[in-house]
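Residues per chain are reported as follows:
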Amino acid sequence: MNSRLETVKKFTLAYRKMCKPLCKELELPQTALDILLFLGNNPAYRTARDIVEIRRIKANLVSVHVDRLVREGVPGDRRKTQLRCTDKAQPVIAKGRQLQEYFFDRLYNGMDQKERDALSGALHRIEENLDAILEEDYN
């Protein structure tokens with residue numbers, strides 16, 4: 001397998017592995033945790049469609065998990081287009097953020113600040129290049 005694809009696969013597997021105990025503790029499926037953290041970490045994105053398009057979670061999974069979270073009183077009012085995280089979701093989001101911080105600390109293990117800055121700069125440049133590609137007309 002292409003080493004870049006293998007790295008993306010390992011990233012996802014490692015993240016999910018680290019999330020497993022928290023998901024078990026909270027009695028939430030990984031996808032539900034992902035949705036809550038997406039909404040909590042990205043308040044500018046507030047619709048199920050945003051979750052589908054940006055997080056690349058299948059629409060039917062988003063619908064199922066948002067419905068479940070709403071039934072349990074976690075993220076918001078399903079009758080409205082806009083989703084919001086309620087006070088009940090905040091402890092879950094806080095624990096998820098702690099896990100994400102720990103995950104990235106582990107990911108950067110052994111890297112000094114100069115290496116971290118170089119990686120951050122490279123990823124920023126890649127994002128800019130991707131934006132430019134997406135703005136171009138390839139028809």
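To start, this report covers the structure provided alongside it.

**Observations concerning a negative patch on the surface**
A cluster of acidic residues, Glu127, Asp131, Glu135 and Glu136, forms a negative patch on the protein surface. Structurally, Asp131 can be placed in helix α6 (residues 113-135). Taking relative accessible area as the criterion, Asp131 reaches 38% and is therefore assigned partly exposed.

**Looking at the packing of helix α1 (residues 3-26) against helix α5 (residues 90-107)**
Running from N to C, α1 and α5 cross one another at 150°; their axes reach a closest spacing of 11 Å. Read as a crossing pair, α1 and α5 show a hand that is right-handed. Of the residues in α5, those in contact with Phe11, Ala14, Tyr15, Met18, Cys19, Leu22, Glu25 and Leu26 of α1 are Val92, Lys95, Gly96, Leu99, Gln100, Tyr102, Phe103, Phe104, Arg106 and Leu107. Taken together, the residues of the contact of α1 with α5 sort by class into 13 nonpolar, two polar and three charged.

**Quick notes on the side chain of Gln100**
Following the sequence through the fold, Gln100 ends up in helix α5. Polar side-chain contacts of Gln100 include one of 3.2 Å to the side chain of Tyr15. Contacts of Gln100, omitting those with residues within four sequence positions, involve Tyr15, Leu37 and Asn41.

**Points about the packing of aromatic side chains**
To describe a pair of aromatic rings, one takes the distance between the centres and the angle between the planes. Using the criterion set out here, one finds six aromatic pairs in the structure. Taking 5.3 Å as the distance between ring centres and 80° as the angle between the ring planes, the aromatic pair formed by Tyr15 and Phe103 counts as edge-to-face. Pair noted here: Tyr15 is in helix α1 and Phe103 is in helix α5, with a separation of 88 residues, a long-range link. Here Tyr15 matches Phe103 in class, with each residue buried.

**Concerning the pattern of salt bridges**
Oppositely charged side chains are able to pair whenever their charged atoms sit close together. Tallied over the full model, the rule gives five salt bridges. With a closest N to O distance of 3.7 Å, Asp34 and Arg16 form a salt bridge. Here Arg16 lies in helix α1 and Asp34 lies in helix α2 (residues 30-41), a separation of 18 residues in the sequence. A relative accessible area of 5% means that Asp34 is categorised as buried. Under the relative-accessibility criterion, Arg16 is labelled partly exposed at 36%. A network of salt bridges, in which partner residues are shared, links Arg16, Asp34 and Arg55.

What counts as what
- Residues numbered from 1 in each chain as written.
- Predicted model: local features only at pLDDT ≥ 70, side-chain atom pairs only at ≥ 80, totals over all residues.
- Heavy atoms only, no water.
- Patch = residues over 30% accessible without salt bridge, like charges linked within 9 Å, V, L, I, M, F, W, Y side chains within 5 Å.
- Areas by Shrake-Rupley, 256 points an atom, 1.4 Å probe, with all protein chains shown as cover.
- Salt bridge = Lys/Arg side-chain N within 4 Å of Asp/Glu carboxyl O.
- Lys, Arg positive; Asp, Glu negative; His and termini not counted.
- Charge placed at Lys NZ, Arg CZ, Asp CG, Glu CD.
- Helix = DSSP H or I, 4+ residues; strand = E, 2+ residues; numbered from the N terminus.
- Buried < 20%, exposed > 50% of the residue type's maximum accessible area, 1.4 Å probe, protein only.
- Axes fitted to C-alpha atoms, helices over the stretch in contact; angles between N-to-C directions.
- Left-handed = near helix turned anticlockwise from the far one by under 90°.
- Contact = heavy atoms within 4.5 Å.
- Nonpolar A, V, L, I, M, F, W, Y, C, P; charged D, E, K, R; others polar.
- Polar contact = N/O pair within 3.5 Å; in protein donor to acceptor, adjacent residues only side chain to side chain.
- Phe/Tyr/Trp six-rings, centres within 6.5 Å; stacked < 30°, edge-to-face > 60°.

Keep in mind that these numbers describe shape and distance, not what the molecule does.
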